[in-house]
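# Results of the structural survey
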Amino acid sequence: LCHLSIFLLLRMREVDLGCGKALLIKESGEFHAVGHKCPHYGAPLVKGVLSKGRVRCPWHGACFNISTGDIEDFPGLDSLPRFQVKIEKEKVYIRASKQALQTQRRTKMMAKCISLSNYNLSSTNVLIIGAGAAGLVCAETLRQEGFSDRIVMCTMDRHLPYDRPKLSKSMDSHPEQIALRPKEFFCTYDIEVLTEMQVAAVDVKSKIAVFKDGFKMEYNKLLIATGNMPKTLSCKGKEMENVFNIRTPEDANRVVKLATSKNVVIVGASFLGMEVAAYLAERAHSVSLVELEHVPFKKFFGERVGRAVMKMFENNRVKFYMQTEVSELREQEGKLKEVVLKSGKVLRADVCVVGVGAVPATGFLKQSGINIDSKGFIVVNKMMQTNIPGVFAAGDAVTFPLALRNNKKVNVPHWQMAHMHGRIAALNMLAHGTEISTVPYLWTAMFGKSIRYAGHGEGFDDVVIQGDLDELKFVAFYTKSDEVVAVASINYDPIVSKVAEVLAAGRTIRKRDVDAVAFLSFRTGDMSWLTGKGS
């Protein structure tokens, strides 16, 4: 492939083997070769961040061990293929299978259930309530660790687990296109999925889950990963036709169909609301967005970044109605016709999408004895354990101690975090004693621009911005006192993944470091100043 001398300056190089590419890495004097694309969405890992034996994806933050190819942080389910490297006469050779080079992904070895006949229909060793990322990763991790007893997942959804973020980012995707695993996968590894099954109550003393239709299932270990439920409007007309919460692929598909060349009103400048607005802007006749705040994303990204994003939307024909709420939805012949705002403005509307936030789907646990906080979130420790032995919880419905913020109990409703919760819960079902220590990582995509974000910026008191907000090429460091607690960027990869690696190593980036050095690094593209930072 190449001569050793090429690695005097480079640490990672994408190399072509004829029938596919590999990522060749040199770290601490040793060579490694793995797949060159992130199995999640295909990002080129050569543009990612190499640090202490792992490479982090530049797009969404997934991490892979460079020695084994195993996935160590998420999102995504599969690992990288690993290839054999040989050095002869100062030349580098790689031996790889054509199939691995072409697929660029590797599913870890998994056990199967060897004792299915020992169980009747109403009993299981592990019951997982919820079939999102947390539930699926929990089931897969159990099988990867050699667990060979029965696993049952149940979901209110009619579909097998799917890529939920695509409901608002790629709204015309069909369920089979966004499935996380094909149907055959679940059969092969004996992961049973009960669809359209809602749990109504859990008896933790008897270890029994009671379903809405009266069916009961006994369990040994339980994972609750029910996610959240969208909030609805409280005004007159909220129940009429053509008013949607985007909850399923069918909801998203129907909105796209009804919105094409029509007038759309979106209530709430949430991530979902803004992504839907961006997706429909080119398809609808008009898109209007109603929001109580005066700037979108102000609490999350800060006012200056929020205004820059707002300007991008306005340049793409999205009309904002800020600092107001919906007072009434009016109909004509049974269908939505107008949205009336408290400001007095009346908007023409053929379709209304509601994105005003969500609440944890934990109402069925109120009498269970499982510790629920005042907002309805399930309280867990660093091992995703609830106060009840054998009962774990994960995903959007939990609060957990975040190591990054001195173990403050937080709720982090991100796709990446749900994956990690599921993995930690599975390992501790098997008594591994593994604690969660991941750095939150999220992304949003609108009008071809991706905002990447790492950390936990809740309560930030200042934002240090380097770059050009008007050109949408910038880095924003969110600080609390003298400490950087989060970072966001547009068009400046892999800065967010770089910061995530620094934070994951337990190091602290100080505000004074960002103020003094970041501007120069932004101009030159040199981020080496981050490497040695921290206390």
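Just so it is clear, the structure is predicted and the values come from calculations on it, not from any experiment.

What the rule picks out here adds up to two cavities of 30 Å³ or more. There is about 80 Å³ of room inside the largest cavity. Lining the largest cavity, in full, are I71, F74, L77, K108, V137, E140, T141, Q144 and R423. Ranked by residue count, the leading element in the lining of the largest cavity is helix α2 (residues 133–144), at four residues. For the lining of the largest cavity, the per-class residue count stands at four nonpolar, two polar and three charged. Split by domain, the lining of the largest cavity shows at least three residues from each of two domains, domain 1 (2–103) and domain 2 (123–229 + 360–430).

Together, K262, K335, K337 and R348 line one region of the surface with positive charge. Mapped onto the fold, K337 is located in strand β24 (residues 335–341).

Positionally, N428 belongs in helix α9 (residues 415–429). With a relative accessible area of 6%, N428 lands in the buried category. Among the polar contacts made by the side chain of N428, one reaches the main-chain carbonyl oxygen of I424 at a distance of 2.9 Å. Reaching out from N428, the side chain makes a polar contact with the backbone nitrogen of G433 at a distance of 3.0 Å. The residues touching N428, leaving out its near neighbours within four places in the chain, are M383, F392, G433 and T434.

Turning our attention to the side chain of H36. For H36, the position within the fold is in the loop between β4 (30–35) and β5 (49–51). Looking at H36, the relative accessible area reads 9%, which means it is buried. Side-chain polar atoms of H36 contact the side chain of E14, separated by 3.2 Å. Beyond its immediate stretch of four places on either side in the chain, H36 contacts E14, K21, A22, L23, A43, P44, L45 and Q104.

Let us look at the domain arrangement of the chain. Each assigned domain of the chain is listed with its residue range as follows: domain 1 (2–103), domain 2 (123–229 + 360–430), domain 3 (243–356) and domain 4 (448–531). Taking the mean C-alpha position of each, domain 1 and domain 4 sit 26 Å from one another. In this assembly, domain 1 and domain 4 are joined by two salt bridges. Among the ionic pairs, E501 bridges to R56, the shortest N-O distance being 2.8 Å. At the boundary of domain 1 with domain 4, the tally comes to six residue pairs in polar contact (both at pLDDT 80 or more). Within the residue set of the side of domain 1 that touches domain 4, elements represented by two or more residues are β5 and β6 (54–56).

What follows concerns helix α10 (residues 495–504). Counting buried positions along α10 gives nine out of 10 residues, so the element sits mostly inside the fold. Within α10, burial applies to I495, V496, S497, K498, V499, A500, E501, V502 and L503. Downstream of α10 by one or two residues, G506 has phi in the positive range, about 85°.

Tallied over the entire structure, the rule returns 15 aromatic pairs. The interplanar angle of 55° and the centroid separation of 5.0 Å between the aromatic rings of F185 and Y189 together place this pair among those described as tilted. Residue Y189 is classed as buried on the basis of its relative accessible area of 18%. Between the aromatic rings of F300 and F301, the centroid separation amounts to 5.1 Å while the plane-to-plane angle is 85°, which identifies the pairing as edge-to-face. Of the residues examined, F300 reaches a relative accessible area of 24% and is grouped as partly exposed. On the basis of relative accessibility, which here comes to 1%, the residue F301 falls in the buried class. Among the aromatic residues, those joined into a cluster by ring pairs are F271, F297, F300, F301, Y453, F460 and Y478.

Turning next to the sheet that holds strand β2 (residues 12–16). Pairing in this open sheet of six strands is antiparallel, and the strands run β1-β10-β9-β4-β3-β2 from one edge to the other. Each edge of the sheet is formed by a strand with only one pairing partner; in this case those strands are β1 (2–3) and β2. Summarising the sheet, strand β9 (residues 82–88) and strand β10 (residues 91–95) pair through five bridges and their orientation is antiparallel. For V85, the partnering residue across the bridge sits in β10 and is I94.

To continue, consider the pattern of salt bridges. For the structure shown, the criterion picks out 24 salt bridges. A salt bridge links D78 to R105, with the nearest nitrogen and oxygen atoms 3.0 Å apart. Residue D78 is located in the loop between β8 (71–73) and β9, and its partner R105 is located in the loop between α1 (98–103) and β11 (126–129); the two are separated by 27 residues in the primary sequence. By relative accessible area, R105 is classed as partly exposed at 40%. For R181, the salt bridge is made with E140, and the minimal N-O distance between the two is 2.8 Å. Highlighted residues: R181 in the loop between α3 (166–169) and α4 (183–188) and E140 in helix α2, separated in sequence by 41 residues. Three or more residues joined by partner-sharing salt bridges are found here, namely D78, R105, E140 and R181.

This next bit is on the environment of F400. Within the secondary structure, F400 is located in strand β30 (residues 398–402). For the pair F400 and T386, spaced 14 residues apart in sequence, the C-alpha separation works out to 9.9 Å.

Strand order across the open sheet formed by three strands is β14-β15-β16, with antiparallel pairing between neighbours. At either margin of the open sheet sits one strand with a lone partner, and together these are β14 (199–203) and β16 (216–218). Taking each pair of neighbouring strands and ignoring which way they run, the sheet shows an average axis angle of 20°. In this sheet, strand β15 (residues 208–211) lies alongside β14 in antiparallel orientation, the contact comprising four bridges. Paired with A201 across the bridge in β15 is V210.

A word on the environment of S481. Relative to the helices and strands, S481 resides in the loop between β35 (473–480) and β36 (483–490). Considering only alpha carbons, one finds S481 and D462, 19 residues apart in sequence, at a separation of 8.2 Å. Not counting the four nearest positions on each side in its chain, S481 is found in contact with D461 and K511.

About the criteria used
- Residues numbered from 1 in each chain as written.
- Predicted model: local features only at pLDDT ≥ 70, side-chain atom pairs only at ≥ 80, totals over all residues.
- Heavy atoms only, no water.
- 1 Å grid on protein atoms, 1.4 Å probe; cavity = no way out; pocket = protein on both sides within 12 Å on 5 of 7 lines; lining within 4 Å.
- Points joined across faces, edges and corners; volume = space filled by probe spheres on them.
- Helix = DSSP H or I, 4+ residues; strand = E, 2+ residues; numbered from the N terminus.
- Nonpolar A, V, L, I, M, F, W, Y, C, P; charged D, E, K, R; others polar.
- Domains from an automatic or database assignment.
- Patch = residues over 30% accessible without salt bridge, like charges linked within 9 Å, V, L, I, M, F, W, Y side chains within 5 Å.
- Areas by Shrake-Rupley, 256 points an atom, 1.4 Å probe, with all protein chains shown as cover.
- Salt bridge = Lys/Arg side-chain N within 4 Å of Asp/Glu carboxyl O.
- Lys, Arg positive; Asp, Glu negative; His and termini not counted.
- Charge placed at Lys NZ, Arg CZ, Asp CG, Glu CD.
- Buried < 20%, exposed > 50% of the residue type's maximum accessible area, 1.4 Å probe, protein only.
- Polar contact = N/O pair within 3.5 Å; in protein donor to acceptor, adjacent residues only side chain to side chain.
- Contact = heavy atoms within 4.5 Å.
- Phe/Tyr/Trp six-rings, centres within 6.5 Å; stacked < 30°, edge-to-face > 60°.
- Pairing = 2+ DSSP bridges.
- Axes fitted to C-alpha atoms, helices over the stretch in contact; angles between N-to-C directions.

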